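Structural features, examined
Listed below are the residues making up each chain.
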Amino acid sequence: MSAVLFAANWKMHHGPRAARALAQAVLAGTKPVADRLLLFFPPAVSLPAVVEAVRGRTDAAVGAQNIHWEPKGAFTGELSALLAMEAGATWTLVGHSERRHKFGETDDETGLKVRAALGAGLRPMLCVGETLQQRTDGEKENVVRRQLEAGVGALGAEELARVAVAYEPVWAIGTGVNATPADAAAMHRTIREWFARRGAPAAGCSVLYGGSVSPENAAALLAEEELDGVLVGGASLTAESWLRIVATPRAGR
Ligand code: PEP
């Protein structure tokens, strides 16, 4: 039985005090269970506060929202995988659509970041997903396969087993319009097939869905057995909303 991942991306919200309080409220509202992993992605400045809040909880971990691929040096404003580790992170997002579309992050850079993460001992969660135009053009699978190829295509089967993928269609992020459960499941199958062709064990690859997940639609999405979890932005910003999502029953797991 693999754990269901509930990942909270707080984006540029919640400084150390608010982040610690929110993490504490979420943890106080959940019992540690073996089949669920709570992942917190706070702003970099709040990493130590959230790490402190999750200490002692085996069902919770903390990650960076972004890393640079170089281990150190003259990269003002950047965070290396080693620095994130030193702050207590064990995961990192790579290639979130806001990094790709607002900051011009390229496919090749996601590959460098994934390798830097794995080299430092962080687990990368590679975010992939098509724009509305690419979807309309019938290109969504090609786009996602290309992003997988660039992000994790150079990895061997053992390294692939340490990677999670979040399918986040760009048109669904922060818009209130989610992919249908069936659409999300279909893309998750495409992602799993890609991993299987690389020799990665199907069970070793966690594939999450992200894009306007809410307390109202989480149950329908997680009823799809292809979904190993959810990556949530807006609806993870308050304990009330996030706890309702985290409490979603998962039939058959
Ligand atoms: C995200 O930031 O990864 C995300 C999915 O945001 P939202 O849940 O707000 O759509």
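Structure: above.
Scope of this entry: the structure provided in the associated data block.

Conventions we followed
Residues numbered from 1 in each chain as written. Predicted model: local features only at pLDDT ≥ 70, side-chain atom pairs only at ≥ 80, totals over all residues. Heavy atoms only, no water. Buried < 20%, exposed > 50% of the residue type's maximum accessible area, 1.4 Å probe, protein only. Helix = DSSP H or I, 4+ residues; strand = E, 2+ residues; numbered from the N terminus. Arc of directions from axis to C-beta. Contact = heavy atoms within 4.5 Å. Polar contact = N/O pair within 3.5 Å; in protein donor to acceptor, adjacent residues only side chain to side chain. Phe/Tyr/Trp six-rings, centres within 6.5 Å; stacked < 30°, edge-to-face > 60°. Lys NZ or Arg CZ within 6 Å of the ring centre and 35° of its normal. Pairing = 2+ DSSP bridges. Right-handed = clockwise from strand over helix to strand, strands pointing away.

Along helix H11 (residues 239-246), the residues that are buried comprise Ala239, Ser241, Trp242, Ile245 and Val246. Projected down its long axis, H11 shows its buried positions confined to an angular sector of 165 degrees, all on one face. In the core, the buried residues of H11 are packed alongside strand S1 (4-9), helix H1 (16-28), strand S2 (36-41), helix H10 (218-222) and strand S8 (229-232).

Checked against the element boundaries, Ser80 lands in the loop between strand S3 (60-64) and helix H3 (81-86). Here Leu83 takes part through its backbone nitrogen, which lies 3.0 Å from a polar atom of the side chain of Ser80.

This brings us to the packing of aromatic side chains. With the rule as written, the count across this model stands at four aromatic pairs. The interplanar angle of 65 degrees and the centroid separation of 5.4 Å between the aromatic rings of Trp194 and Phe195 together place this pair among those described as edge-to-face. A residue is classified by how much of its surface remains accessible, and Phe195, at 2% relative accessible area, is buried. The ring of Phe103 carries Arg99 above its face, with NZ or CZ at 4.2 Å from the centroid.

Within S3, five of the five residues are buried, which leaves it mostly tucked inside the rest of the structure. Burial of the side chains of S3 extends over both faces: Ala60, Val62 and Ala64 are buried on one face and Ala61 and Gly63 on the other. Where S2 lies against S3, three bridges are found, and the strand directions are parallel. Looking at S3, one finds that Phe40 is bridged to Val62. Each parallel crossover has a hand, and for S2 linked through helix H2 (residues 47-54) to S3 it is right-handed.

The analysis is restricted to geometry; functional conclusions fall outside its scope.
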